[in-house]
Amino acid sequence: MASPALAALHTEAVPAMDLLTVPQVMARLQLGRSAVYDLLRTGQLASITLGRARRIPTHALTDFIRTRLEQDAA
């Protein structure tokens, strides 16, 4: 078993990353399933695949929103 100091170091070295499901992203953006998958397919919204499950990191959703706001402001 790892020592508490080693466990703390590992926790600090690897930042916690919240992963969202497609339905969670749908709810947050108030978009339909097809629209979210279109964003994923076109690369506008980054995601990872774990087995057969698609997950979207919260920072990817934040980056997507920030980019869209900047585009609309320009």
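To be clear, the structure that these remarks concern was listed above.
Reading the values: rules and limits
- Residues numbered from 1 in each chain as written.
- Predicted model: local features only at pLDDT ≥ 70, side-chain atom pairs only at ≥ 80, totals over all residues.
- Heavy atoms only, no water.
- Salt bridge = Lys/Arg side-chain N within 4 Å of Asp/Glu carboxyl O.
- Helix = DSSP H or I, 4+ residues; strand = E, 2+ residues; numbered from the N terminus.
- Buried < 20%, exposed > 50% of the residue type's maximum accessible area, 1.4 Å probe, protein only.
- Expected span 1.5 Å × (residues − 1).
- Arc of directions from axis to C-beta.
- Contact = heavy atoms within 4.5 Å.
- Axes fitted to C-alpha atoms, helices over the stretch in contact; angles between N-to-C directions.
- Parallel < 35°, antiparallel > 145°, perpendicular 65-115°, else oblique.
- Left-handed = near helix turned anticlockwise from the far one by under 90°.
- Nonpolar A, V, L, I, M, F, W, Y, C, P; charged D, E, K, R; others polar.
- Pairing = 2+ DSSP bridges.

### Quick word on the pattern of salt bridges
1) Next: Using the criterion set out here, one finds two salt bridges in the structure.
2) Next: Notably, a salt bridge pairs Arg41 with Asp38, separated by 3.1 Å at the nearest N-O pair. Of the two residues, Arg41 and Asp38 are both situated in helix 3 (residues 33-41); the distance of three residues between them amounts to about one turn of the helix.
3) Next: Residue Arg41 is classed as exposed on the basis of its relative accessible area, which comes to 62%.
4) Next: Between Asp63 and Arg66 there is a salt bridge whose closest N-O contact spans 3.1 Å. Residue Asp63 and its partner Arg66 are located together in helix 4 (residues 58-73), separated by three residues, close to a single helical turn.

### Topic: helix 4
1) Next: With 16 residues, helix 4 extends 23 Å from end C-alpha to end C-alpha; this agrees with the ideal 22 Å at 1.5 Å per step.
2) Next: Among all positions of helix 4, only Ala60, Leu61 and Phe64 are buried. The arc enclosing the buried residues of helix 4, seen along the axis, measures out at 100°, which places them on a common side. Among the exposed residues of helix 4, those pointing more than 90 degrees away from its buried face are Leu69, Glu70 and Ala73.
3) Next: Buried positions along helix 4 lie against strand 1 (19-20), helix 2 (22-29), helix 3 and strand 3 (53-57).

### Quick look at the packing of helix 2 against helix 4
1) Next: At a minimum axis distance of 12 Å, the contact between helix 2 and helix 4 shows a crossing angle of 30°. It follows from the interaxial angle that helix 2 and helix 4 lie roughly parallel. Pair helix 2 / helix 4 crosses with right-handed handedness. Residues Val25, Arg28 and Leu29 of helix 2 form the contact with helix 4, whose participating residues are Thr58, Leu61, Phe64 and Ile65.
2) Next: For the contact of helix 2 with helix 4, a count of residues per class yields five nonpolar, one polar and one charged.

### Quick notes on the pairing of strand 3
1) Next: Bridge count between strand 1 and strand 3: two bridges; the pairing is antiparallel. The partner of Leu20 across the bridge, within strand 3, is Ile56.
2) Next: Pairing of strand 2 (residues 48-50) with strand 3, which is carried by three bridges, proceeds in the antiparallel orientation. Bridging from a neighbouring strand, Ile48 pairs with Arg55 of strand 3.

As far as function goes, none of this settles anything; it's purely spatial.
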